[in-house]
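# Close look at the chain arrangement
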Amino acid sequence: MTQDELKTLVGLAALRYVVPGEVVGVGTGSTVNKFIDALAAMKNQIAGAVSSSQASTARLQALGIPVFDAAAVPELSVYIDGADEIDHQGYMIKGGGAALTREKIIAAQSRQFVCIVDASKLVQTLGAFALPVEVIPMAVARLLRQFAALGGQARLRLKDGVPLLTDNGQQMLDVSGLQISDPLAFESTVSQWPGVVTVGVFAYQKANVCLLGTTSGVKTMTF
Ligand code: 5RP
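Overview of the structure. (Residues numbered from 1 in each chain as written. Predicted model: local features only at pLDDT ≥ 70, side-chain atom pairs only at ≥ 80, totals over all residues. Heavy atoms only, no water.)

### Examining the overall build of the protein
When its secondary structure is counted, the protein shows 6 helices and 16 strands. Taken against the 2.2 N^0.38 rule, which gives 17 Å for 223 residues, the C-alpha radius of gyration of the protein at 17 Å falls within 12% of a compact globule. Seen through its principal axes, the protein has C-alpha atoms that stretch 50 × 35 × 30 Å. Within the protein, the fraction of its 223 residues that count as buried is 51%. Across the protein, every contact between residues at least 6 apart in sequence was considered, and the portion connecting residues at least 24 apart equals 72%. When the accessible surface of the protein is summed, it comes to about 9,700 Å², and 53% of that surface belongs to carbon and sulfur atoms. (Helix = DSSP H or I, 4+ residues; strand = E, 2+ residues; numbered from the N terminus. Rg over C-alpha atoms; globule rule 2.2 N^0.38 Å. Buried < 20%, exposed > 50% of the residue type's maximum accessible area, 1.4 Å probe, protein only. Contact = heavy atoms within 4.5 Å. Areas by Shrake-Rupley, 256 points an atom, 1.4 Å probe, with all protein chains shown as cover.)

Here it is in structure tokens:
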């Protein structure tokens, strides 16, 4: 099975976590796109969605699924999203699609986080994937030095040769060379650095369930 087929498999498997009659939280990325496409088949059974990015909002609306502002729906029963890495405790690295801030906000207002990934994303220790961090532009130079002091190499994310701007109008760093052995402590520390909007370690908003796409089917991990 290709990686794309595994993403389709977990996107479909996530449908069983969607609660009929309710608003579902929807993440961002190529795996979530498979989920959104599958969700179209049950669009008449749900009230709609809250979305973590302009890209997911556009895809949901194109399929006729109403999208609500997160602030208008105080609590969600479930949030479904992908990840760049997930470990055996449900801690994740997210933000490869630069949507991490809205993803963390929606995860925080959801009772259950269902992470959908293909098997290549499961790791022992977070950090092989360069850690995404959304930052305020005036803090970039100092934050590069702060990550260097932790042993990481931070780079400003570019798009078409210029700094990428997130949906929130901020910039992104990608930090390689980290071994994140204590995700809770790491998230706590880096979140306090002035100029950090959101660090892509999801430890406080970890997954409750991971649907892992493998060549022998979907494996369900609970945390
Ligand atoms: C976006 C994310 C995505 O969930 C993450 O990058 C995984 O994406 P994909 O499903 O395309 O591999 O955090 O900000």
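### Comments concerning the sheet that holds strand β3 (residues 67-68)
Spatially, β3-β2-β1-β4-β7-β15-β16 is the arrangement adopted by the 7 strands of the open sheet, whose pairing is mixed. With partners counted over all chains shown, the strands left at the sheet margins are β3 and β16 (217-222), one partner each. Inspection of the sheet shows strand β1 (residues 23-26) paired to strand β4 (residues 79-81) by 2 bridges, in the parallel sense. Paired with G25 across the two strands is Y79, which belongs to β4. Contacts from helix α1 (residues 3-13) reach β7 (113-118), β15 (209-214) and β16, with the element oriented near 145° to β15. Lying over the sheet, helix α4 (residues 100-108) contacts β1, β2 (48-51), β4 and β7, oriented at roughly 150° with respect to β4. (Pairing = 2+ DSSP bridges. Axes fitted to C-alpha atoms, helices over the stretch in contact; angles between N-to-C directions.)

### A few points about the site of the ligand
What surrounds the ligand is a group of 17 residues, the closest being S30, T31, D84, G95 and K121. T31 has a polar side-chain atom sitting 2.6 Å from an oxygen atom of the ligand. Contact between the ligand and K94: an oxygen atom at 3.0 Å from a side-chain N or O atom of the residue. About the coverage of the ligand: the protein hides 91% of its 380 Å² of free accessible area. In terms of residue class, the shell around the ligand is built from 3 nonpolar, 8 polar and 6 charged. (Near = heavy atom within 4 Å. Polar contact = N/O pair within 3.5 Å; in protein donor to acceptor, adjacent residues only side chain to side chain. Nonpolar A, V, L, I, M, F, W, Y, C, P; charged D, E, K, R; others polar.)

### A closer look at the sheet that holds strand β12 (residues 171-176)
One open sheet holds the 4 strands; their spatial order is β9-β12-β8-β13, and the pairing between them is antiparallel. Taken across any chain shown, the strands that pair with only one partner, and hence form the sheet edges, are β9 (153-156) and β13 (196-199). In this sheet, adjacent strand axes meet at a mean angle of 30° when their direction is disregarded. In this structure, strand β8 (residues 131-135) lies alongside β12, joined through 5 bridges in antiparallel fashion. Bridging across to β12, V133 finds its partner in L173. This element, α4, spans β8, β12 and β13 of the sheet and lies at about 65° to β13. In this fold helix α5 (residues 140-149) packs onto β8, β9, β12 and β13, with an angle of close to 15° to the strand it touches most, β12.

### Side note on the pattern of salt bridges
Inspection of every chain in the model, using the stated rule, returns 7 salt bridges. We note a salt bridge from E103 to K94, for which the minimum N-O separation is 3.1 Å. With its nearest N and O atoms 2.6 Å apart, the salt bridge here joins K104 to E187. With K104 in helix α4 and E187 in helix α6 (residues 183-191), this residue pair connects regions lying 83 residues apart in the sequence. Residue classification places K104 among the buried positions, given a relative accessible area of 11%. For E187, a relative accessible area of 4% puts it in the buried group. Sharing partners across several salt bridges, the network here consists of D81, K94 and E103. (Salt bridge = Lys/Arg side-chain N within 4 Å of Asp/Glu carboxyl O.)

No statement about biological role is implied by the geometric values presented.
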